[in-house]
Amino acid sequence: MATPFDHHPVAVFDSGLGGLTVLRALRQRLPGEDFFYFADTRFMPYGDRAESFIRERGELIAAGLARRGAKALVIACNTLTAAAAEGIRASSALPVVALEPGVKPAASLTRSGVIGVLATTRTLASERFRRLVEDYASRCRVLVQPCPGLAEAIEQEGADSPAVARLLDNFVTPLAAGGADVVVLGCTHYPWASAAISRRLPAATVLLDTGEAVARQLEKRLASASLLGGGQGRLTISSSGSPAAVAATVERLWGSALPVEPWEPA
Ligand code: DGL
């Protein structure tokens, strides 16, 4: 049954443009939805910031997106989920879909019993991540690898740049040496560099990201709230950073030019 809100957009947000890897999966599964994407470029990277900052910023963004008319929220950032998902859920009346590193599927896929996790320093230091490993991967050896600088380098220099190559040499090689046969991409920026990451791992290594799982979850949540459909596949990209600079990065990552609007949660 149609509700007054089913034609409103789903809001998707991240510190920057990593969440576009999630948005791609959302649009593939839900082509009849409109999406409003917000990149908090002004404050990126979140991964090296204090948890309290990320929590407050996340709640401010979620409230601003609700006021802007979003019918549901997708937190397309592992770091933001770790710090702020509980607060956002508690303070928002909208359906909220969050994501976390795919440790659970990795634990059921691994044959070697060794899982690698690439994520931000903040995600890996979080209580939420500690619980995730304890609940689902206590029988595995979990090699955690913080990747400071990687999300920014992917945005600023490009996934195939020498800067990203240098960082990946440092971050990925120890996972291969440690015997990981499943590697979790625990930051939404990293799927942009999945080819470069794969090249540094044995051929049979499985890389896991959570875009499709998030899309299935969003579909379920919209359906149960009678909010599914009603859009026309429209996409608006917005950022708290310089629209021109962000548009240039969007074009490089997304593969086509998209306009970027300035937006600031208030
Ligand atoms: N894309 C974000 C994530 O999934 C992190 C990038 C950042 O450090 O801002 O964790």
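Look up: the structure comes first, before these words.
Predicted model only: the values in this text are computed from it and were never measured.

A. Expanded view of the overall build of the protein chain. Assigned secondary structure in the protein chain consists of 11 helices and 10 strands. Compactness check: the protein chain gives a C-alpha radius of gyration of 18 Å against a globular reference of 18 Å for 266 residues, within 12% of the reference. For the protein chain, the C-alpha atoms occupy an extent of roughly 55 × 40 × 35 Å along the three principal directions. The 266 residues of the protein chain split such that 53% are buried.

B. Spatial organisation of the packing of aromatic side chains. This model, assessed by the stated rule, comprises 3 aromatic pairs. Plain terms: the ring middles of Phe-38 and Trp-263 are 5.0 Å apart, the flat faces sit at 80 degrees to each other, and that makes the pair edge-to-face. Of the two residues, Phe-38 is situated in strand β2 (residues 35-39) and Trp-263 in the segment after β10 (260-262); the sequence distance between them amounts to 225 residues. The pair formed by Phe-38 and Trp-263 is uniform in burial state, with each residue classed as buried.

C. Focus on the site of the ligand. Close to the ligand lie 14 residues; Ser-15, Tyr-46, Thr-79, Thr-188 and His-189 are nearest. Separating an oxygen atom of the ligand from a backbone N or O atom of Gly-47 is a distance of 2.9 Å. Considered on its own, the ligand offers 300 Å² of accessible surface; in the complex 99% of this is hidden by protein. For the shell around the ligand, the class distribution of residues is 6 nonpolar, 7 polar and 1 charged.

D. Broad picture of the sheet that holds strand β5 (residues 114-119). One open sheet accounts for 4 strands, arranged β6-β5-β7-β8; its pairing is parallel. Each end of this open sheet is capped by a strand with a single partner; those strands are β6 (141-146) and β8 (206-208). On average, each strand axis in the sheet is inclined to that of its neighbour by 20 degrees, with strand direction left out of account. By the bridge criterion, 4 bridges tie β5 to strand β7 (residues 182-185) in an arrangement that is parallel. The partner of Val-117 across the bridge, within β7, is Val-184.

E. Up close: the sheet that holds strand β9 (residues 235-239). Strand order in the open sheet formed by 6 strands is β4-β3-β1-β2-β9-β10, with parallel pairing between adjacent strands. The strands lining the two open edges of the sheet, one partner per strand, are β4 (96-97) and β10. Looking at chain direction, strand β3 (residues 72-75) and β4 are connected through 2 bridges and run parallel. In the strand pairing of β4, Val-74 is matched with Val-97. Sitting on the sheet, helix α1 (residues 20-29) is in contact with β1 (10-14), β2, β3 and β9, with an inclination near 175 degrees to β2. Here helix α2 (residues 51-67) sits on the sheet and contacts β1, β2 and β3; the angle it forms with β1, its principal contact strand, is near 155 degrees.

F. Up close: unusual backbone geometry. Across the junction of Met-44 and Pro-45, the peptide omega takes the value 5 degrees, indicating a cis bond. Tracing the backbone shows Pro-45 in the loop between β2 and α2. One non-glycine residue with positive phi stands out, namely Ser-226, at about 55 degrees.

G. Just the nonpolar core, in detail. Ranked by size, the top nonpolar core spans 49 residues in total, and within it Val-12, Leu-26, Val-74, Leu-118, Tyr-190, Ile-197 and Leu-218 carry the most contacts. With 5 residues, helix α8 (residues 162-177) is the largest single contributor of residues to this core. Once residues within four sequence positions are removed from consideration, Tyr-190 is found in contact with Leu-118, Ala-119, Thr-120, Cys-147, Leu-150, Ala-151, Ile-154, Leu-185 and Ile-197. Counting residues in hydrophobic clusters, the runner-up holds 22 residues, among them Ala-62, Ala-83, Ile-88 and Trp-263.

H. Structural detail: the side chain of Ser-92. As for its position among the elements, Ser-92 is in the loop between α3 (78-91) and β4. Residue Ser-92 is classed as buried on the basis of its relative accessible area, which comes to 18%.

I. Region of interest: the pairing of β3. The alternating pattern of β3 places Ala-72 and Val-74 and Leu-73 and Ile-75 on opposite faces, both of which are buried. Sheet analysis places β1 next to β3, joined by 4 bridges and oriented parallel. From the neighbouring strand, Ala-11 faces β3, where its bridge partner is Leu-73. At this point the chain moves from β3, through α3, to the parallel β4, and the crossover so formed is right-handed.

J. Summary view of the packing of α1 against helix α10 (residues 211-224). Look at α1 against α10: their axes get within 8 Å of each other, and the N-to-C directions meet at 50 degrees. With respect to each other, α1 and α10 are oriented oblique. Judged by the twist between their axes, the crossing of α1 over α10 is right-handed. Note on element contacts: α10 touches α1 through Gly-211, Glu-212, Val-214, Ala-215, Arg-216, Leu-218 and Glu-219, opposite Val-22, Ala-25, Leu-26 and Arg-29. Here the contact of α1 with α10 is composed, by residue class, of 6 nonpolar, 1 polar and 4 charged.

Thresholds applied
Residues numbered from 1 in each chain as written. Predicted model: local features only at pLDDT ≥ 70, side-chain atom pairs only at ≥ 80, totals over all residues. Heavy atoms only, no water. Helix = DSSP H or I, 4+ residues; strand = E, 2+ residues; numbered from the N terminus. Rg over C-alpha atoms; globule rule 2.2 N^0.38 Å. Buried < 20%, exposed > 50% of the residue type's maximum accessible area, 1.4 Å probe, protein only. Phe/Tyr/Trp six-rings, centres within 6.5 Å; stacked < 30°, edge-to-face > 60°. Near = heavy atom within 4 Å. Polar contact = N/O pair within 3.5 Å; in protein donor to acceptor, adjacent residues only side chain to side chain. Areas by Shrake-Rupley, 256 points an atom, 1.4 Å probe, with all protein chains shown as cover. Nonpolar A, V, L, I, M, F, W, Y, C, P; charged D, E, K, R; others polar. Pairing = 2+ DSSP bridges. Axes fitted to C-alpha atoms, helices over the stretch in contact; angles between N-to-C directions. Contact = heavy atoms within 4.5 Å. Core = buried A, V, L, I, M, F, W, Y, C linked by side-chain atoms within 4.5 Å. Right-handed = clockwise from strand over helix to strand, strands pointing away. Parallel < 35°, antiparallel > 145°, perpendicular 65-115°, else oblique. Left-handed = near helix turned anticlockwise from the far one by under 90°.

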